[in-house]
Amino acid sequence: MPVKRTVLEVLKGQSQAVPPLWMMRQAGRYLPEYREARKKAGSFLDLCYNPDFAVEVTLQPIRRFDFDASILFSDILVVPHALGRDLRFEEGRGPLMTPITAGEVAALDGEKFHVNLEPVYETVRRLRRELPEKTTLIGFCGAPWTVATYMIAGHGTPDQAPARLFAYREPEAMAKLLSILADNSAAYLIRQIEAGADVVQIFDSWSGVLDEATFEACCVKPVAEIVRKVRAVHPEVPIIGFPKGAGTQLDSYRQRTGVTGLGLDWTVPLSQAQRLQANGAVQGNLDPLRLVVGGKALEDGVDAILKTLGNGPLIFNLGHGITPETPVAHVEAMVRQVRKATQQ
């Protein structure tokens, strides 16, 4: 009998006695073995584009914690990089790009897009061969709005004001940029699925800074287009949407975009999460800082999520990525507590 991948079962709407578990950014700086690999690789982009290193760091948390899902190690900004934009990472500053202007949007070049991303596809192919049969492999991309914010500002900002101003001042250029990113991101996800990804996730880390109308135009519409294009080729593959900070917009996000599962950040009240779960799988939403602190703060956070959401289709996860200062022992404690869970 084939081994069931529990994350896939949940995304089909099936509850599990013990919810499947993984963490956003689970391959990362909190692990000493990751830090060693990062030193050997050289730059962060070398780590992303070298399948030997990318496979190794993706597998590290699976070896340690036996998570139910493994997410491809890469970065959301490889998409604009593959379209010809410059990209570098500086320690302490994060990603840096030359800000794109309205006049440059039409010149984005997708001719070598898949050639540039072939190392990522090779990483996915190798991961599917090397991962345990039971482990779900998750591919991903950044949502067009979030990717655009970095392209426009050239770096991360506290409230993404440069991108918001661009959307108001240059609505046609913004619509064009989001459309190009949606088309290429869909093609990127399709190739990841063809290489072996079981599920794909769309990260919209900056959806929470927008008003209602701009959220619809810049977040919902482009993600819906990605979902439509992916489904046209792979209708059976689940898609998780993670619109961080979307608040009350989450109530209709699944319907408006067509995503299968909803990733919830830690600010989403569990009462709202329970309502959302009535319409399909949810993923989340432990505050990553509870994991940093450990002890009672961690136990109470895990317990509240399991009590409220554990009897429905739940993928246990953090409400955002794990932070570098998180003790490995606290991750081990969280995994033990989740896996002791049983349906009441």
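Residues numbered from 1 in each chain as written. Predicted model: local features only at pLDDT ≥ 70, side-chain atom pairs only at ≥ 80, totals over all residues. Heavy atoms only, no water.

The chain carries the name Uroporphyrinogen decarboxylase in an unreviewed UniProt entry, which gives Aminobacter aganoensis as its organism. Within the UniProt record for the chain, the comment given under Subcellular location (unreviewed entry) is "Cytoplasm". (UniProt positions renumbered as here; feature names shortened; annotations may be inferred.)

Enquirer: How would you summarise the packing of aromatic side chains if you had to cite specific residues and measurements?
Expert: Pairs of aromatic rings are described using the distance from one ring centre to the other and the angle between the two planes. Scanning all chains against the criterion turns up nine aromatic pairs. Ring geometry for F44 versus F73: centroids 5.8 Å apart, planes at 65°, classification edge-to-face. Pair noted here: F44 is in helix α3 (residues 44-49) and F73 is in the loop between β1 (69-71) and α5 (78-82), with a separation of 29 residues, a long-range link. No difference in accessibility class separates F44 from F73, as the two residues are buried. The rings of Y34, F44, F73 and F89 are connected pair by pair, giving a single aromatic cluster. (Phe/Tyr/Trp six-rings, centres within 6.5 Å; stacked < 30°, edge-to-face > 60°. Helix = DSSP H or I, 4+ residues; strand = E, 2+ residues; numbered from the N terminus. Buried < 20%, exposed > 50% of the residue type's maximum accessible area, 1.4 Å probe, protein only.)

Enquirer: Tell me about the side chain of T136, and please be specific about residues and values.
Expert: With respect to the element layout, T136 can be found in strand β4 (residues 136-142). Contacts of T136, omitting those with residues within four sequence positions, involve R5, V7, L8, D68, A69, S70, R128, D198 and V199. (Contact = heavy atoms within 4.5 Å.)

Enquirer: I'd like to hear about the environment of E133, residue by residue, with values.
Expert: Mapped onto the elements, E133 comes out in the loop between α6 (113-130) and β4. Measuring from C-alpha to C-alpha, the distance between E133 and L189 comes to 21 Å, with 56 residues separating the pair along the chain. If we ignore the near neighbours within four places in the chain, the residues touching E133 are V3, R5 and R128.

Enquirer: Which residues make up the UniProt feature "binding site: substrate" (unreviewed entry) in the chain, and what are the values?
Expert: The positions UniProt marks with the feature "binding site: substrate" (unreviewed entry) are R25, Q26, A27, G28, R29, D75, Y150, S205 and H320. Across 296 residues in sequence, these annotated residues place their C-alpha atoms as far as 22.7 Å from one another, rather than forming a single compact spot. Taken from the residues named earlier, the lining of the largest pocket is made up of R25, Q26, A27, G28, R29, D75, Y150, S205 and H320. Within the secondary structure layout, Q26 lies in the loop between α1 (6-11) and α2 (32-41). Excluding residues that lie within four positions of it along the chain, Q26 makes contacts with L31, P61, I62, F67, A69, S70, I71 and I322. (1 Å grid on protein atoms, 1.4 Å probe; cavity = no way out; pocket = protein on both sides within 12 Å on 5 of 7 lines; lining within 4 Å.)

Enquirer: Break down the environment of P324 for me, with residues and values.
Expert: Among the structural elements, P324 can be located in the loop between β9 (314-318) and α15 (328-339). The class of P324 is partly exposed, set by a relative accessible area of 37%. Taking the C-alpha atoms as reference points, P324 and R29, separated by 295 residues in sequence, lie 5.0 Å from one another. Leave out the neighbours within four places in its chain, and P324 touches R29 and Y30.

Enquirer: A description of the layout of surface pockets should follow, citing residues and the corresponding values.
Expert: In this model, the largest pocket occupies a volume close to 1,400 Å³. What lines the largest pocket is a set of 40 residues, and nearest its centre among them are R25, R29, F44, D75 and F89. Every element with two or more residues in the lining of the largest pocket is listed here: α2, β2 (88-90), β3 (94-96) and α7 (144-153). Looking at the lining of the largest pocket element by element, the count peaks at three residues for α2. Considered as a void within the structure, the second largest pocket measures approximately 280 Å³ in volume. (Points joined across faces, edges and corners; volume = space filled by probe spheres on them.)

Enquirer: Describe the sheet that holds β4, with residues and values.
Expert: Across a sheet, paired strands are connected by hydrogen bonds in the backbone, their directions being either parallel or antiparallel. Strand order in the open sheet formed by seven strands is β1-β4-β5-β6-β7-β8-β9, with parallel pairing between adjacent strands. The open sheet has two edge strands, β1 and β9, and neither has a second partner. Looking at each pair of strands side by side, their axes are set apart by 25° on average, direction ignored. Bridge count between strand β7 (residues 261-263) and strand β8 (residues 282-286): two bridges; the pairing is parallel. Residue pairing across strands places G263 opposite Q283, the latter belonging to β8. Set on the sheet, helix α11 (residues 250-257) makes contact with β6 (239-243), β7 and β8; between it and β7 the angle comes to about 135°. Here helix α12 (residues 270-277) sits on the sheet and contacts β7, β8 and β9; the angle it forms with β8, its principal contact strand, is near 170°. (Pairing = 2+ DSSP bridges. Axes fitted to C-alpha atoms, helices over the stretch in contact; angles between N-to-C directions.)

Enquirer: Can you lay out helix α8 (residues 161-169) for me, pointing to particular residues and giving the numbers?
Expert: Listed in full, the buried residues belonging to α8 are A163, F166 and A167. Taken end-on, α8 shows its buried residues confined to a sector of 100°, consistent with a single buried face. (Arc of directions from axis to C-beta.)

Enquirer: Which residues make up the packing of α11 against α12, and what values do they have?
Expert: It is the contact of α11 with α12, at a shortest axis distance of 9 Å, that shows an interaxial angle of 25°. Looking at the two axes, α11 sits roughly parallel to α12. Between α11 and α12 lies a crossing whose hand is right-handed. Residues L250, D251 and R254 of α11 form the contact with α12, whose own contacting residues are Q272, R275 and L276. Partitioning the contact of α11 with α12 into residue classes produces two nonpolar, one polar and three charged. (Parallel < 35°, antiparallel > 145°, perpendicular 65-115°, else oblique. Left-handed = near helix turned anticlockwise from the far one by under 90°. Nonpolar A, V, L, I, M, F, W, Y, C, P; charged D, E, K, R; others polar.)

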